[in-house]
Amino acid sequence: QVHLVESGGGLAQPGGSLRLSCAASGFTFSSYAMSWARQVTGKGLEWVSGISGDGSDTDYGDSVKGRFTISRDNAKNTVTLQMNSLKPEDTGVYYCALSYGDSWSSADDMDAWGKGTVVTVSS
């Protein structure tokens, strides 16, 4: 049974940083791409970033390029999203997700996800 648990959300000031973590279990972690997506009030689910199973390939949504970094530790079954230079529009609920197929750069590719962690960016 796939189980994904996000953590690390909280309050940050504009320009600040947060590090989100996702603990995964119930599947062969290194075999699958992982992604982060966010839900912003009044908007749909927005794909933020993804990383291939072995960590060799990463991609980012245009709104976070240059500010966010995704990484994974397959020995620990974790995936991390380092968020720097935060903006108020980054506020939302962030979800960690698993993609079973070869595509992982869209919210539609998210096959399983956790309960989310809340990120608030405000002065």
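A brief report on the enclosed structure follows.

Reading the values: rules and limits
- Residue positions are given per chain, counting from 1 as you read along its sequence in written order.
- The model is predicted, so local features are restricted to residues of pLDDT at least 70 and side-chain atom pairs to those at 80 or more, both for listing and for counting; the totals for chains, interfaces and linings are taken over all residues.
- Think of the side-chain values as coming from all heavy atoms in the structure, minus any hydrogens and water.
- Helix numbers and strand numbers start at the N terminus; a helix is a DSSP run of H or I with at least 4 residues, a strand a run of E with at least 2.
- Each radius of gyration is computed over the set of C-alpha atoms, and the globule rule expresses the reference value as 2.2 Å times the number of residues to the power 0.38.
- Between two residues, a contact is recorded if the distance between any of their heavy atoms is within 4.5 Å.
- Accessible surface area values rest on a Shrake-Rupley calculation with a 1.4 Å probe, where residue burial reflects the displayed protein chains alone.
- The sign given to each residue is positive for Lys and Arg and negative for Asp and Glu; His and the chain ends receive no count.
- To locate a charge, take atom NZ for lysine, CZ for arginine, CG for aspartate or CD for glutamate.
- Burial classes follow relative accessibility: with a 1.4 Å probe on protein chains only, a residue under 20% of its type's maximum area counts as buried, one over 50% as exposed, and anything between as partly exposed.
- Every case where a carboxyl oxygen of Asp or Glu lies within 4 Å of a side-chain nitrogen of Lys or Arg is listed as a salt bridge.
- Strands were regarded as paired on the criterion that DSSP finds at least two bridges between them.
- What counts as an axis is a line fitted to C-alpha atoms, over the stretch in contact for a helix, and the angles between N-to-C directions run from 0 to 180 degrees.

### Structural notes on the overall build of the protein chain
Per the secondary structure count, the protein chain includes zero helices and eleven strands. Scanning the protein chain from its N terminus toward the C terminus, one meets helices and strands in the order β-β-β-β-β-β-β-β-β-β-β. Relative to the globule expectation of 14 Å for 123 residues, the C-alpha radius of gyration of the protein chain, 13 Å, shows essentially globular dimensions. Its C-alpha atoms give the protein chain principal-axis dimensions of about 40 × 25 × 25 Å. In the protein chain, 56% of the contacts between residues at least 6 apart in sequence involve partners at least 24 apart. About 6,100 Å² of surface is accessible on the protein chain, with carbon and sulfur atoms providing 45% of the total. Distance from the positive charge centre (9 side chains) to the negative charge centre (13 side chains) of the protein chain: 9 Å.

### A look at unusual backbone geometry
Residues other than glycine seldom take positive phi values, yet Asn77 does so here, at roughly 55°. In this structure Asn77 comes out as partly exposed when scored by relative accessible area, which is 25%. One non-glycine residue, Ser85, lies in the positive phi region at around 50°. The exposure class assigned to Ser85 is partly exposed, which follows from its relative accessible area of 41%.

### Here we look at the environment of Met34
Within the secondary structure, Met34 sits in strand S4 (residues 33-39). Between the C-alpha atoms of Met34 and Ala97, which are 63 residues apart in sequence, the distance is 5.7 Å.

### Brief notes about the pattern of salt bridges
Per the stated rule, a full pass over the model turns up four salt bridges. A salt bridge links Asp90 to Arg38; the nearest nitrogen and oxygen atoms lie 2.9 Å apart. Of the two residues, Asp90 is situated in the loop between strand S8 (78-83) and strand S9 (92-99) and Arg38 in strand S4; the sequence distance between them amounts to 52 residues. When its relative accessible area of 0% is taken as the criterion, Asp90 is described as buried. Across the pair Lys65 and Asp62 runs a salt bridge whose closest N-O atoms are separated by 3.1 Å. Via salt bridges that share partners, Arg38, Glu46, Arg67 and Asp90 belong to a single interconnected network.

### Observations regarding the sheet that holds strand S1 (residues 3-7)
Pairing is antiparallel in the open sheet, where four strands are placed in the order S1-S3-S8-S7. What marks the edges here is a single partner per strand, and that holds for S1 and strand S7 (68-73). Direction aside, the axes of adjacent strands within the sheet are offset by 15° on average. Bridging between S7 and S8 involves six bridges; their strand directions are antiparallel. Opposite Ser71, over in S8, you have Thr80 as the bridge partner.

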